[in-house]
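In case you want the letters, here they are:
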Amino acid sequence: MMMRRISERAATGFSKNLILRSSASRFHGESLDSSVSPVLIPGVHVFHCQDAVGIVAKLSDCIAAKGGNILGYDVFVPENNNVFYSRSEFIFDPVKWPRQQMCEDFQAIAQRYGAMNSVVRVPSIDPKYKIALLLSKQDHCLVEMLHRWQDGKLPVDITCVISNHERASNTHVMRFLERHGIPYHYVAKTKDNKREDEILELVKDTDFLVLARYMQILSGNFLKGYGKDVINIHHGLLPSFKGGYPAKQAFDAGVKLIGATSHFVTEELDAGPIIEQMVESVSHRDNLRSFVQKSEDLEKKCLTKAIKSYCELRVLPYGTNKTVVF
């Protein structure tokens, strides 16, 4: 595959008023704030269409014409595949370029090129993504996300937590949820009723779902009924271990490498497009407790990074079962 990056020298031809800095990672992570200027605020735009001459120039001129300034620009054109992906980070004056006008300007370019995807976000203006968290018995991913959310490090609004496992009211998690006004729903399935209709009703107003170690398979009917993205996390123990207590199976087998994978949920179990993967070495010095702790830590980090990347418009579909992650 081939990655195209736009340099400062190449950018000068697009507009005299445009300054394009080559470091596309300048605003990676938590840097999308309004500290750059008391007037200018940051925005992000992603674009996906068939490859053609002049797309970068058109998108850049769109921003420059409104007095905006591009701070980072990533372009990806796969080898032997006539498609174009881009992600730009820019600052602009919302008085000179109102939010609605920005949408219309980018939409005009999307129509011109028949774009499959064109999304713009202004973090300081746009509402945060609304999500629901689904989990079973294990709390480690949930706790990590709740604490990051509380600290303002996870750019989402958590509408509710849904579990097929009942929790006592005096637990740390339940006290936290009650203190912050986050509803908790215990929805236990039976052999004859998975109660997916009830879950769909609870999550109907969310933007996407997160399976934070939810040990149930979502049916194709549920995924079609929801119609939006669902992000999952699962461990990666090499080789694969099936059945109960896979971590103990892996520990007993002397596994030397553990991992975690975050991916989109499809009807095929654990086979959706991958967003993020992490690995870590383990050794004979690990006991079962440290082995499990390392595995859980990877899952927490992998899931929260995937969600953050998704909210920052870093994740785009590529083909039938891949992703581009800027």
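Look above for the structure.
Residues numbered from 1 in each chain as written. Predicted model: local features only at pLDDT ≥ 70, side-chain atom pairs only at ≥ 80, totals over all residues. Heavy atoms only, no water.

Trainee: Which residues make up the packing of aromatic side chains, and what values go with them?
Mentor: Per the stated rule, a full pass over the model turns up 14 aromatic pairs. Taking the centre distance of 6.3 Å and the plane angle of 50° together, the rings of phenylalanine 90 and phenylalanine 106 count as tilted. Of this pair, phenylalanine 90 sits in strand β4 (residues 83–92) while phenylalanine 106 sits in helix α3 (residues 99–113); the two residues are 16 residues apart in sequence, bridging distant segments of the chain. By relative accessible area, which is 1% here, phenylalanine 90 ends up buried. Using a relative accessible area of 2% as the deciding quantity, one classes phenylalanine 106 as buried. Between phenylalanine 208 and tyrosine 310, the aromatic rings sit 4.6 Å apart at their centres with planes inclined by 55°, giving tilted as the arrangement. Of this pair, phenylalanine 208 sits in strand β9 (residues 208–211) while tyrosine 310 sits in helix α9 (residues 288–311), and the two are 102 residues apart along the sequence. The ring of tyrosine 129 has arginine 121 lying over it, and the distance from NZ or CZ to the ring centre is 4.2 Å. (Phe/Tyr/Trp six-rings, centres within 6.5 Å; stacked < 30°, edge-to-face > 60°. Helix = DSSP H or I, 4+ residues; strand = E, 2+ residues; numbered from the N terminus. Buried < 20%, exposed > 50% of the residue type's maximum accessible area, 1.4 Å probe, protein only. Lys NZ or Arg CZ within 6 Å of the ring centre and 35° of its normal.)

Trainee: Describe the packing of helix α2 (residues 55–65) against α3, and please don't skip the residues or the numbers.
Mentor: The interhelical angle for the contact between α2 and α3, taken along N-to-C directions, is 165°, at an axis separation of 10 Å. As judged from the angle between their axes, α2 and α3 are roughly antiparallel. α3 is crossed by α2, and the crossing has right-handed handedness. Across from Ile55, Lys58, Leu59, Cys62 and Ile63 in α2, the residues of α3 making contact are Asp105, Phe106, Ile109, Arg112 and Tyr113. Partitioned by chemical class, the residues of the contact of α2 with α3 number seven nonpolar, no polar and three charged. (Axes fitted to C-alpha atoms, helices over the stretch in contact; angles between N-to-C directions. Parallel < 35°, antiparallel > 145°, perpendicular 65-115°, else oblique. Left-handed = near helix turned anticlockwise from the far one by under 90°. Contact = heavy atoms within 4.5 Å. Nonpolar A, V, L, I, M, F, W, Y, C, P; charged D, E, K, R; others polar.)

Trainee: Which residues make up the pairing of strand β13 (residues 315–318), and what values go with them?
Mentor: Where β13 lies against strand β14 (residues 322–325), four bridges are found, and the strand directions are antiparallel. What sits directly across from valine 315, in β14, is valine 325. The loop that links β13 with its antiparallel partner β14 comprises three residues; one of these, glycine 319, has a positive phi angle of about 70°. (Pairing = 2+ DSSP bridges.)

Trainee: Any details on unusual backbone geometry? Residues and values, ideally.
Mentor: Backbone geometry at asparagine 80 places phi at a positive 60°, although glycine is not the residue there. Note on placement: asparagine 80 falls in the loop between β3 (69–77) and β4. Positive phi is not limited to glycine here, since arginine 213 has a value of about 70°. Residue placement: arginine 213 occurs in the loop between β9 and α7 (220–226).

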